[in-house]
2 protein chains.
Amino acid sequence: MADRPAWCFDIDGVLLDISGVLYDSGGEGDGTPIQGSIDAVKRLKASPLKVRFCTNETQCTRQYLVDKLVRLGFPISLDEVFSPAPAACQVIKRKSLHPYLLVHPDAVPDFSEFDLTLPPDCVIIGDAADAFTYDNMNKAFQVLISQENPVLISMGKGRYYKEKDGLMMDVGGFMTALEFAAGCKAEVVGKPDQGFFLGALQDMQVPVEKAVMIGDDILNDIGGAQRSGIKGVQVRTGKFRPEDESQSVVTPDGFVDNLAQAVDLILGN
Amino acid sequence: MADRPAWCFDIDGVLLDISGVLYDSGGEGDGTPIQGSIDAVKRLKASPLKVRFCTNETQCTRQYLVDKLVRLGFPISLDEVFSPAPAACQVIKRKSLHPYLLVHPDAVPDFSEFDLTLPPDCVIIGDAADAFTYDNMNKAFQVLISQENPVLISMGKGRYYKEKDGLMMDVGGFMTALEFAAGCKAEVVGKPDQGFFLGALQDMQVPVEKAVMIGDDILNDIGGAQRSGIKGVQVRTGKFRPEDESQSVVTPDGFVDNLAQAVDLILGN
């Protein structure tokens, strides 16, 4: 094994992105685990380190995601997974608003606490995929443009993600479309929001300087973690593209070929 | 009649927006002429003034639009109408590229000079309306992200337009969505591009200081004309909203209730 780089020393807690780090989604069935990742998660959880999973996944409920990962062989429980839906619900409740949901149909149960029959006065947008129709975009736009101070809550702001068929547009583009049309600024929950990373660290009682985030999204995983004071390590799996290594505005604390290599380095095997 | 304001003196040429100035589109049939607009166009064309129509309409071919306006009673011919599709075709030909068309199905015949069976290496986006599906957006995104220097030609960049059922998202939002996801900058043809306004003035042989643009879009009609050195007058019809009068970054040379009032002022009736 190569010399251990600086970033992997003195780590007490590890934050893991899910899609593109643990597995590749898309195609038929549950997707495909990335080589060595199941074993890497098992080794991390058998070590004294704390582990949490920070995902911007909003194409399904948190429970569905956990069940899928367990089926694939990952040892994961619901309370270890941080995703944007609970944060979006908190914001809406605090403001006493009624949301229009521009989200994936499979994610709707995560918002069951709201009465969706009331006239909406704000919009929650997620990775709606095929539900990003013109009609649905326009309904969200009409809610926003009718408000004096439009409230648009965006669950993440990713540019794209990788599926078997190639790169796919993520929620970020559709968020900017609504911002432009309605003349408003979205409030982003989930990565790269600092509160999201710090909430996960607080949950595992690890200070920022002893934590590392491992992800495939240079802006939202690595950039977001670093702005929160957490080290960010980029995997060369998932949506990683060679340009990320040379042309990005974000400089990761380290690069690894995959999660397995990152865990080797952290555990000093 | 009130005193004539400064903007309406010494005018030799008039540029007119179509949707929201001549008629309101949407609903069943051809739409509804705006009160007094048919007569106003007739009076302008009977005067010594030159008239051209500058539209960002891309939901149909230019010929279809002209036929519809003639059916509604407007005296308009094809060579008086400037729309973004010919400008988009020129850019693509100059660059020797093969476009992917993210446009309204009814507008496709305006691009018949291109062989659409070839693998696309650039994207033309227009007001595709219901054709703004996730699948079509993603196809455009995948063309752009596969190119080292992505070329995205946007036919206009309007925020929204008005139909009978209310305000509808225009091409601008979907343009910004692709810009964000693919990390590129669109080249806009049509309003508010200066070349578009100046082309229409050149066609009628009128200098910028003797021209006025009359439109309902404060940014693309009024702002675009003014940046080209042309006076811009805002009508209170179409997509006009009271906020445009007090909160916009653009200050029109004048406001009028509708086209009929603008023509009264210009002709000094």
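Basis of the calculations
- Residues numbered from 1 in each chain as written.
- Chains lettered and ligands numbered in written order.
- Predicted model: local features only at pLDDT ≥ 70, side-chain atom pairs only at ≥ 80, totals over all residues.
- Heavy atoms only, no water.
- Helix = DSSP H or I, 4+ residues; strand = E, 2+ residues; numbered from the N terminus.
- Buried < 20%, exposed > 50% of the residue type's maximum accessible area, 1.4 Å probe, protein only.
- Areas by Shrake-Rupley, 256 points an atom, 1.4 Å probe, with all protein chains shown as cover.
- Pairing = 2+ DSSP bridges.
- Contact = heavy atoms within 4.5 Å.
- Axes fitted to C-alpha atoms, helices over the stretch in contact; angles between N-to-C directions.
- Least-squares fit on C-alpha atoms with pLDDT ≥ 70 in both.
- Buried area = accessible area lost by both parts, 1.4 Å probe.
- Salt bridge = Lys/Arg side-chain N within 4 Å of Asp/Glu carboxyl O.
- Polar contact = N/O pair within 3.5 Å; in protein donor to acceptor, adjacent residues only side chain to side chain.
- Phe/Tyr/Trp six-rings, centres within 6.5 Å; stacked < 30°, edge-to-face > 60°.
- Lys NZ or Arg CZ within 6 Å of the ring centre and 35° of its normal.
- Right-handed = clockwise from strand over helix to strand, strands pointing away.
- Parallel < 35°, antiparallel > 145°, perpendicular 65-115°, else oblique.
- Left-handed = near helix turned anticlockwise from the far one by under 90°.
- Nonpolar A, V, L, I, M, F, W, Y, C, P; charged D, E, K, R; others polar.
- pLDDT = per-residue confidence, 0-100.

A few words on the overall build of chain A. When its secondary structure is counted, chain A shows nine helices and 14 strands. Projected onto its principal axes, the C-alpha coordinates of chain A cover approximately 60 × 35 × 35 Å. Taken over 269 residues, chain A has a buried fraction of 57%. Surface summary for chain A: the accessible area is close to 11000 Å², and the carbon and sulfur share equals 48%.

Our focus in this paragraph is the sheet that holds strand S1 (residues 13-16) of chain A. Residues and elements named next belong to chain A. The strand order across the open sheet built from six strands is S5-S4-S1-S12-S13-S14, with neighbouring strands paired in parallel fashion. Lying at the two open borders of the sheet, with one neighbouring strand each, are strand S5 (81-82) and strand S14 (254-256). Bridge count between S1 and strand S4 (residues 50-54): four bridges; the pairing is parallel. Residue pairing for S4: Leu16 is matched across the bridge by Phe53. Sheet strands in contact with helix H6 (residues 194-204) are S1, S4, S5 and strand S12 (211-215), and its direction is about 150° off that of S4.

Below, the discussion takes up the relation of the copies chain B and chain A. Rotating chain B by 180° and translating it 0.0 Å along the rotation axis places it on chain A, where the RMSD comes to 0.0 Å. Overall, the copies show the geometry of a two-fold rotation axis.

The next subject is unusual backbone geometry. Residue and element names in this part refer to chain A. Between Lys191 and the following residue, Pro192, the backbone shows a cis peptide bond with an omega angle of 5°. Assignment of secondary structure puts Pro192 in the loop between strand S11 (187-189) and H6. Positive phi outside glycine occurs at Gln205, with the angle close to 55°. Residue position: Gln205 is located in the loop between H6 and S12. For Gln205, a relative accessible area of 65% gives the class exposed.

Before going further, it helps to spend a moment on the environment of Phe9 of chain A. Mapping Phe9 of chain A onto the fold places it in the segment before S1. A relative accessible area of 42% places Phe9 of chain A in the partly exposed class.

A few words on the interface of chain B and chain A. Counting residues at the interface gives 31 residues for chain B, matched by 31 residues for chain A. Note on chain B versus chain A: buried area summed over both sides is about 2500 Å², and carbon and sulfur give 66% of it. When the buried surface of chain B facing chain A is broken down by residue, Tyr134, Met169 and Phe180 of chain B rank first, second and third, together holding 33% of it. Seen at the junction of chain B and chain A, the total is zero salt bridges. Counting every contact that joins chain B to chain A gives 14 residue pairs in polar contact (both at pLDDT 80 or more). Of all the secondary structure elements, the ones that give two or more residues to the side of chain B that touches chain A are helix H4 (134-145), strand S9 (160-163), strand S10 (166-169) and helix H5 (171-182) of chain B.

Pairing between side chains of opposite charge can happen when the charged atoms of each approach one another. Residues and elements named next belong to chain B. All chains considered together, the criterion is met by 34 salt bridges over all chains. Residue Asp135 is joined to Lys139 by a salt bridge in which the shortest nitrogen-to-oxygen separation is 3.3 Å. Taken together, the residues span about one helical turn, with Asp135 and Lys139 both in helix H4 at a distance of four residues. Here Lys139 falls in the partly exposed class, since its relative accessible area comes to 39%.

Next up on the list: the packing of aromatic side chains. Applying the stated criterion to the full structure yields eight aromatic pairs over all chains. Between Phe174 of chain A and Tyr134 of chain B the ring centres are 6.0 Å apart and the planes differ by 45°, which places this aromatic pair in the tilted class. Residue Phe174 of chain A is located in helix H5 (residues 171-182), and its partner Tyr134 of chain B is located in helix H4; the two belong to separate chains. Each member of the pair, Phe174 of chain A as well as Tyr134 of chain B, is classed as buried. Here the aromatic cluster, defined as three or more aromatic residues joined through ring pairs, consists of Phe132 and Phe174 of chain A together with Tyr134 of chain B. Its end group placed over the ring of Tyr64 of chain A, Arg71 of chain A keeps NZ or CZ at 5.9 Å from the ring centre.

All names here are of chain B. Extensive coverage of strand S4 (residues 50-54) is indicated by the burial of four of its five residues. By the bridge criterion, two bridges tie S4 to strand S5 (residues 81-82) in an arrangement that is parallel. Within S5, the residue paired with Phe53 across the bridge is Val81. Viewed along the sheet, the connection from S4 through helix H2 (residues 62-72) into S5 turns out right-handed.

This part is about the packing of H4 of chain B against H5 of chain B. Residues and elements named next belong to chain B. Contact geometry of H4 with H5 gives a least axis separation of 10 Å together with a crossing angle of 45°. The angle between H4 and H5 falls in the class oblique. The crossing of H4 and H5 is right-handed. Across the interface between the two elements, Met137, Ala140, Phe141, Leu144 and Ile145 of H4 pack against Phe174, Ala177, Leu178, Ala181 and Ala182 of H5. Residue composition of the contact of H4 with H5, by class: 10 nonpolar, no polar and no charged.

Residues and elements named next belong to chain B. Among all positions in helix H9 (residues 259-267), only Leu259, Ala260, Ala262, Val263, Leu265 and Ile266 are buried. In this fold, the buried residues of H9 make contact with strand S1 (13-16), helix H1 (37-46), strand S12 (211-215), strand S13 (231-235) and strand S14 (254-256). Where H9 starts, the residue carrying a side-chain oxygen 3.3 Å from the main-chain nitrogen of Ala260 turns out to be Asn258. One or two residues past the end of H9 sits Gly268, with phi positive at roughly 65°.

Turning next to the confidence of the model for chain A. The predicted structure's coordinates, where accompanied by low pLDDT, should not be read in detail. Residues of chain A with pLDDT of at least 70 account for 99%, and the chain-wide mean is 94. Reported for the predicted complex are a pTM of 0.87 and an ipTM of 0.87.

Quick look at the sheet that holds strand S7 (residues 122-125) of chain B now. Paired through their backbone hydrogen bonds, the strands of a sheet run either parallel or antiparallel. Residues and elements named next belong to chain B. The four strands lie next to each other as S6-S7-S8-S11, forming an open sheet whose pairing is parallel. Unpaired on one side and paired on the other, strand S6 (99-102) and strand S11 (187-189) mark the two borders of the sheet. Here the strands of the sheet are splayed against their neighbours by 20° on average, with no regard to which way each runs. Summarising the sheet, S6 and S7 pair through four bridges and their orientation is parallel. Bridging from a neighbouring strand, Tyr100 pairs with Val123 of S7. Running over the sheet, H4 touches S6, S7 and strand S8 (152-155) and is turned about 155° from S6.

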